[in-house]
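Residue-level structural notes
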Amino acid sequence: MKTVGIAGGGQLGRMLADAAHRLGLRVVTLDPESRGPAGQVSDEQIEGDYKDATMIRALAGKSDVLTYEIESVNAEALQQLAVEGFPVHPTPRTLAIIKDKLRQKEFLKEHGIAVAPFCEPQDAESLGYPYVLKARSGGFDGRGNATVADVSALAEALGKIGNVPAYAEGFVRFDKELAVVAARTASGEIRLYPVVETIHKDHICDTVIAPAQVDKKIADKAEHLAHSVLASFEGAGVFAIEMFLSGDEVVVNEVAPRVHNSGHWTIEGAVTSQFEQHIRAITGMPLGDTAMAAPAAVMINILGERNGPAEPKGVEEAEKIPGVKVHIYGKMETRKQRKMGHITAVADTLDQAKGSALKARDIITI
Ligand code: AMP
């Protein structure tokens, strides 16, 4: 039986492991936290740091193919394994480009893909005010971003992101944020899921609406951009492309070389979930159907509202709502704004799906 090695042990690893098991594969995870979300459902967990080259090698020793659920994994160690002929997907070269957000933006621009204007921090004035200062690596869920309103605010913004290497990006006054989750095989076959709308609160994804309520012309533009992004990078797997829509202009905000929060709805809302799709892509199976399984799907994150031991309540009640599925990630500790789970509601109309998802969200505390 083939074994998939996953570097990182959070909820993405957990949902990848579930998909791998359904396909008859074994899963080994590497994460420092004992029995975290992925560790709880894996066949085996190596307790160790996925930034540590020795640990990455230990994971490879127990796996037939390696993947990762977090960009901060040690890309150099993965690259060394790839050079030795060990299968790692998406390729560590792709990861190395994407995990440095400035390099990622340069790469996209070089490949003719529309992005918001960006530059080195010392040239930021040329972008006009406000602009967004972003940590080049390590930022997620908006951590690592700071808006600079005027010249006097720069020092504070640098402090906010921890005085790490940064770049500057023009502030986009977007009407909507869109995302496309897509997969490619090692040989370059590409399949896209429908364009979705993502709604962020405090820079953290809150709600995902599938399909996005935009004109066909806009959806086509977003799909075209996503296709170009996937065609530019090498390696197999699922990618997520986050975009800004302003008027009828669509630009790429960020690419992730992995399964993504904007694709959680696919577990119930699409014929093939993004997690299964990733496993299929990295193990050389043909890609699955990305069509929606219902006319509408709405995903709402369950974020922690306090700090302390997690105590999920209301799941049974929420599951009584037609079309609603609750996913709890098994994190022992809840923290304000921490992603603890999510809800997906599928329905015949978006209004119904939204209503059901919101009703379920109101019932659940964690
Ligand atoms: P990021 O982690 O860089 O994707 O940023 C998280 C969120 O911050 C995005 O989803 C947007 O809501 C907001 N954001 C990021 N970059 C910009 C930008 N250049 N202009 C306006 N808002 C932004």
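About the criteria used
Residues numbered from 1 in each chain as written. Predicted model: local features only at pLDDT ≥ 70, side-chain atom pairs only at ≥ 80, totals over all residues. Heavy atoms only, no water. Helix = DSSP H or I, 4+ residues; strand = E, 2+ residues; numbered from the N terminus. Rg over C-alpha atoms; globule rule 2.2 N^0.38 Å. Buried < 20%, exposed > 50% of the residue type's maximum accessible area, 1.4 Å probe, protein only. Contact = heavy atoms within 4.5 Å. Areas by Shrake-Rupley, 256 points an atom, 1.4 Å probe, with all protein chains shown as cover. Lys, Arg positive; Asp, Glu negative; His and termini not counted. Charge placed at Lys NZ, Arg CZ, Asp CG, Glu CD. Near = heavy atom within 4 Å. Polar contact = N/O pair within 3.5 Å; in protein donor to acceptor, adjacent residues only side chain to side chain. Nonpolar A, V, L, I, M, F, W, Y, C, P; charged D, E, K, R; others polar. Core = buried A, V, L, I, M, F, W, Y, C linked by side-chain atoms within 4.5 Å. Axes fitted to C-alpha atoms, helices over the stretch in contact; angles between N-to-C directions. Parallel < 35°, antiparallel > 145°, perpendicular 65-115°, else oblique. Left-handed = near helix turned anticlockwise from the far one by under 90°. Pairing = 2+ DSSP bridges. Salt bridge = Lys/Arg side-chain N within 4 Å of Asp/Glu carboxyl O.

Concerning the overall build of the chain
When its secondary structure is counted, the chain shows eleven helices and 19 strands. In terms of overall size, the chain behaves like a compact globule, its C-alpha atoms giving a radius of gyration of 20 Å where 366 residues would be expected to give roughly 21 Å. With the C-alpha coordinates of the chain rotated into their principal frame, the extents come out at 55 × 50 × 45 Å. Counting every position in the chain, which comprises 366 residues, the buried fraction comes to 55%. Sequence separation of 24 or more characterises 61% of the internal contacts of the chain that already satisfy a separation of 6 or more. Only carbon and sulfur atoms are counted for the fraction: they give 50% of the accessible area of the chain, which is about 15,300 Å². Averaging the locations of the 40 positively and 49 negatively charged side chains of the chain gives two centres separated by 2 Å.

Describing the site of the ligand
In the vicinity of the ligand there are 16 residues, among which Lys-134, Glu-169, Val-172, Glu-177 and His-203 approach most closely. At a separation of 3.0 Å, an oxygen atom of the ligand approaches a polar side-chain atom of Asn-145. Contact with the protein chains removes 93% of the 480 Å² of surface that the ligand exposes when unbound. Grouping the amino acids of the shell around the ligand by side-chain chemistry returns five nonpolar, six polar and five charged.

As for the nonpolar core
Counting 34 residues, the largest nonpolar core has Val-4, Trp-265, Phe-275 and Ile-279 as its most contacted members. For this core, the secondary structure elements donating two or more residues are β1 (3-7), α1 (11-22), β9 (176-184), β12 (204-210), β13 (237-246), α9 (274-282) and β15 (296-303). A total of six residues in this core trace back to one element, the largest contributor, which is α1. Judged by nonpolar contacts, the second largest core, of 31 residues, contains Leu-178, Met-243, Leu-245 and Val-252.

Details of the packing of helix α2 (residues 53-61) against helix α3 (residues 75-83)
Interhelical geometry of α2 versus α3 gives an angle of 45 degrees and a closest axis separation of 9 Å. It follows that α2 is oblique to α3 by the angle criterion. For the pair α2 and α3, the crossing hand works out as right-handed. Contact residues: Ala-53, Ile-56, Arg-57 and Ala-60 in α2; Ala-77, Leu-78, Gln-80 and Leu-81 in α3. Here the residues of the contact of α2 with α3 are counted per class, giving six nonpolar, one polar and one charged.

Focus: the sheet that holds strand β3 (residues 44-47)
Ordered in space as β3-β2-β1-β4, the four strands form an open sheet in which the pairing is parallel. Of all the strands in the sheet, just β3 and β4 (65-68) have a single pairing partner and so form its edges. Within the sheet, the average angular offset between the axes of one strand and its neighbour, ignoring direction, is 20 degrees. The pairing of β1 with β4 spans four bridges and is parallel. Its bridge partner lying in β4, Ala-7 is registered against Tyr-68.

A word on the pattern of salt bridges
Counted by the stated rule, this structure contains 19 salt bridges. A salt bridge links Arg-22 to Glu-276, with the shortest nitrogen-to-oxygen separation between them at 2.6 Å. On the criterion of sequence distance, the pair formed by Arg-22 in helix α1 and Glu-276 in helix α9 is long-range, its members being 254 residues apart. Residue classification places Arg-22 among the exposed positions, given a relative accessible area of 58%. A salt bridge links Arg-280 to Glu-276, with the shortest nitrogen-to-oxygen separation between them at 2.7 Å. One end of the pair, Arg-280, and the other, Glu-276, are both in helix α9, four residues apart, so they sit about a helical turn from each other. Judged by its relative accessible area of 16%, Arg-280 falls in the buried class.

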